[in-house]
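Residues per chain are reported as follows:
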Amino acid sequence: MIRVYDLQDIRTEDILKRDLVRPVREDVEKIVSAILEDVRQKGDSALFAYCEKLDGAKLSALEVSQAEIEAACASIDPAFLRTMTLAKQNITHFHKQQIRANFILNDRAGVLLGQKVTPIERVGLYAPGGTASYPSSVLMSAIPAKLAGVEELVMTTPPKKDGSVAPAILAAAKLAGVDRIFKLGGAQAIAALAYGTKSVPRVYKIVGPGNIFVATAKRRVFGLVDIDMIAGPSEILVIADETADPVAVAGDLLSQAEHDKLATAILLTDSMELAKAVSMEVERQLALLPRREICRASIDTNGKIIVAKDIDAAIDVANDIAPEHLELCVRDPFAALNKVKNAGSIFLGNNAPEALGDYLAGPNHILPTGGSAKYSSPLSVDDFIKKSSFVYYTKAALAAVKDDITRFAEKEGLQAHGKSVALRFDGKEEEKKQ
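Here goes a summary of the coordinates provided. Quick caveat, the model's predicted, so the values are computed rather than measured.

## Description of the side chain of Gln285
Mapped onto the secondary structure, Gln285 falls in helix α11 (residues 272-286). Setting aside anything within four residues of it in sequence, one finds Gln285 in contact with Val247, Ala250, Gly251 and Leu254.

This is the structure in structure tokens:
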């Protein structure tokens, strides 16, 4: 049964069992390092070999054909296709608000400054397709990329043993505008995207969730390419008062517990009555779930119900934890929202379950985990652009500040910096004197 604590009896840092530094699995590091180097050296031949060895698929081609995509789309339940189309509309509507514009400052005589926004030209999207297949994540990754103006979006996803790819993944990819799809999973997919091979184009950024081998590979290639984030196990923290429905709260906790045995589900409340009711309801619902073994492990290991003196104290704890998902199931969620400083995605009131954000509402569900919401944000259009500044000065405008530039340069011991400006005005005279 999920344990109930008094906030006074548990330290904030013990509520989520996090290490300050994510532990490195030496065995995984060794395997991933070998795969990365193998793909870097051997290219396609290594990819075909890993598909056969790790996925059990003997492929004749790595890229998914247009015929395969069309067949997958035709096989999808029309009702589900309509649901994905609705999700696309909502995700597009939300993320359109994030599109940045260029700007120019021309408020000083002879000076023009500005910022130029340019999309990343080619982006790689990893889509899990083994035990976990998430077409929703394809939509969440690809739609903001395309809104940003990414020219070529390349997706990799693991093949099944028969060489096919999950139809829902292919349908989501087509719906979201993915340009090319490759039958690749695991660290070898990340290697192909980072280094490029004869078949797979090299990308400049890799996004998308994956298992520990994928996450480790992304971390290892960071610097050669950019990545979105290193996501950890899923987290939900619910803050609830006596107005909350214990049945709904328990359901929301379990909606994250079913993700992974390492997932974390926590309730913070000022009501002992609600705490006890939710604890009982978690047990009742858990026994009925198909993934109850995963839920059981998650709840027993990381599940907690914590009773605080008031909702403000609960919000203070939430800000320390910086959860991936934060639900505010309280009487006045908008007042509580103003006090939240750190959270990946926030769900307001009793009618906004976390699952709404996972699939349909529109905000992105690829979120910072492990406390990284203290300094990072959900995936957005911003993740797929670059911002370049530009500077233009007339000669008169430069003359007005040349002595200040030289003064700075001399202070830092970088005389050539100052001279590069001075030469534009009196360089020839200085050369004659020498």
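## Remarks on the pattern of salt bridges
Under the definition given, this model contains 22 salt bridges. With a closest N to O distance of 3.1 Å, Asp300 and Arg296 form a salt bridge. In this pair, Asp300 and Arg296 both sit in helix α12 (residues 292-302), four residues apart, roughly one turn of the helix. Accessibility expressed as a relative area gives 47% for Asp300, which makes it partly exposed. Under the relative-accessibility criterion, Arg296 is labelled partly exposed at 25%. Linked by salt bridges that have partners in common, Glu63, Arg122, Glu152 and Arg180 make up one network.

## Remarks on the packing of helix α2 (residues 26-42) against helix α3 (residues 44-55)
The geometry of a pair of packed helices is captured by two quantities: the angle between their axes and the separation between those axes. Across the interface, α2 lies against α3 with an axial gap of 6 Å and an inter-helix angle of 135 degrees. With respect to each other, α2 and α3 are oriented oblique. Facing Ala34, Ile35, Asp38, Val39 and Lys42 of α2, the residues of α3 in contact are Asp44, Ser45, Ala46, Leu47 and Tyr50. Tallied by class, the residues present in the contact of α2 with α3 amount to six nonpolar, one polar and three charged.

## Some points on the packing of aromatic side chains
Scanning the entire structure with this criterion turns up zero aromatic pairs. Lying across the ring of Phe425, Lys395 places its NZ or CZ 5.4 Å from the centre. Just above the ring of Phe425 sits the side chain of Lys402; from NZ or CZ to the centre is 5.8 Å.

## Some words on the nonpolar core
Judged by nonpolar contacts, the single largest core of 42 residues is most densely connected at Leu125, Val138, Leu139, Met155, Val178, Ile181 and Phe384. For this core, the elements supplying multiple residues, two or more each, are α4 (66-75), α5 (78-96), β4 (122-126), α6 (135-148), β5 (152-157) and α7 (167-176). Broken down by element, this core gets its largest block of residues, eight residues, from α7. Not counting residues within four places of it along the chain, the set of residues in contact with Met155 comprises Leu125, Ala127, Val138, Ile169, Ala173, Val178, Arg180, Ile181 and Phe182. With 30 residues, the next largest nonpolar core counts Leu36, Phe182, Ala192 and Val221 among its residues.

## Describing the sheet that holds strand β13 (residues 345-348)
Here six strands make up an open sheet; going across it, the order is β1-β11-β10-β9-β12-β13 and the pairing parallel. Sheet topology places β1 (3-6) and β13 at the edges, where each strand pairs with a single neighbour. Neighbour-to-neighbour, the strand axes of this sheet turn through a mean angle of 20 degrees, independent of strand direction. Pairing of strand β12 (residues 325-329) with β13, which is carried by four bridges, proceeds in the parallel orientation. Bridging from a neighbouring strand, His325 pairs with Ser345 of β13. Contacting β1, β9 (235-240), β10 (264-269) and β11 (304-307), α11 crosses the sheet at an angle of about 170 degrees to β11.

## What about the sheet that holds strand β8 (residues 226-227)?
Here five strands make up an open sheet; going across it, the order is β6-β5-β4-β7-β8 and the pairing parallel. Here the strands that pair on one side only, and so sit at the sheet edges, are β6 (180-183) and β8. Note that strand β7 (residues 205-207) and β8 share two bridges and pair parallel. Each bridged residue has a counterpart across the sheet, and for Lys205 the counterpart in β8 is Asp226.

## A look at α4
Each α-helix winds once per 3.6 residues, and so residues spaced three or four apart point in a common direction. Looking only at α4, the buried set comprises Ile69, Ala72 and Cys73. Relative to the axis of α4, the buried residues are bounded by an arc of 100 degrees and lie together on one face. When the buried face of α4 is taken as reference, the exposed residues oriented beyond 90 degrees from it are Ala67 and Ala74. The elements touched by buried residues of α4 are α7 and β6.

## Some words on unusual backbone geometry
Despite not being glycine, Ala322 shows a phi value in the positive range, around 55 degrees. By the secondary structure assignment, Ala322 is in the loop between α13 (311-321) and β12. Exposure remark for Ala322: the relative accessible area of 0% places this residue in the buried category.

## What to know about α7
In terms of burial, α7 is a largely internal element, eight of the ten residues being buried. For α7, the complete set of buried residues consists of Ala168, Ile169, Leu170, Ala171, Ala172, Ala173, Leu175 and Ala176. Contacts made by the buried residues of α7 are with α4, α5, α6, β5 and β6. Where α7 ends, the next residue or the one after it, Gly177, has phi of about 90 degrees, a positive value.

## Some remarks on the pairing of β9
Of all six residues in β9, six are buried; the element is thus mostly enclosed. Covered by surrounding structure in β9 are Glu235, Leu237 and Ile239 together with Ile236, Val238 and Ala240, the residues of both alternating faces. In this sheet, β10 lies alongside β9 in parallel orientation, the contact comprising six bridges. Note that in β10 the partner of Ile236 across the bridge is Ala265.

## Topic: the environment of Gln115
Its place among the elements puts Gln115 in strand β3 (residues 111-119). Along the chain, Gln115 and Asp241 lie 126 residues apart, while their C-alpha atoms are 46 Å from each other. If sequence neighbours within four positions are ignored, Gln115 has contacts with Asn102, Phe103, Lys387, Ser388, Ser389 and Phe390.

Reading the values: rules and limits
- Residues numbered from 1 in each chain as written.
- Predicted model: local features only at pLDDT ≥ 70, side-chain atom pairs only at ≥ 80, totals over all residues.
- Heavy atoms only, no water.
- Helix = DSSP H or I, 4+ residues; strand = E, 2+ residues; numbered from the N terminus.
- Contact = heavy atoms within 4.5 Å.
- Salt bridge = Lys/Arg side-chain N within 4 Å of Asp/Glu carboxyl O.
- Buried < 20%, exposed > 50% of the residue type's maximum accessible area, 1.4 Å probe, protein only.
- Axes fitted to C-alpha atoms, helices over the stretch in contact; angles between N-to-C directions.
- Parallel < 35°, antiparallel > 145°, perpendicular 65-115°, else oblique.
- Nonpolar A, V, L, I, M, F, W, Y, C, P; charged D, E, K, R; others polar.
- Phe/Tyr/Trp six-rings, centres within 6.5 Å; stacked < 30°, edge-to-face > 60°.
- Lys NZ or Arg CZ within 6 Å of the ring centre and 35° of its normal.
- Core = buried A, V, L, I, M, F, W, Y, C linked by side-chain atoms within 4.5 Å.
- Pairing = 2+ DSSP bridges.
- Arc of directions from axis to C-beta.

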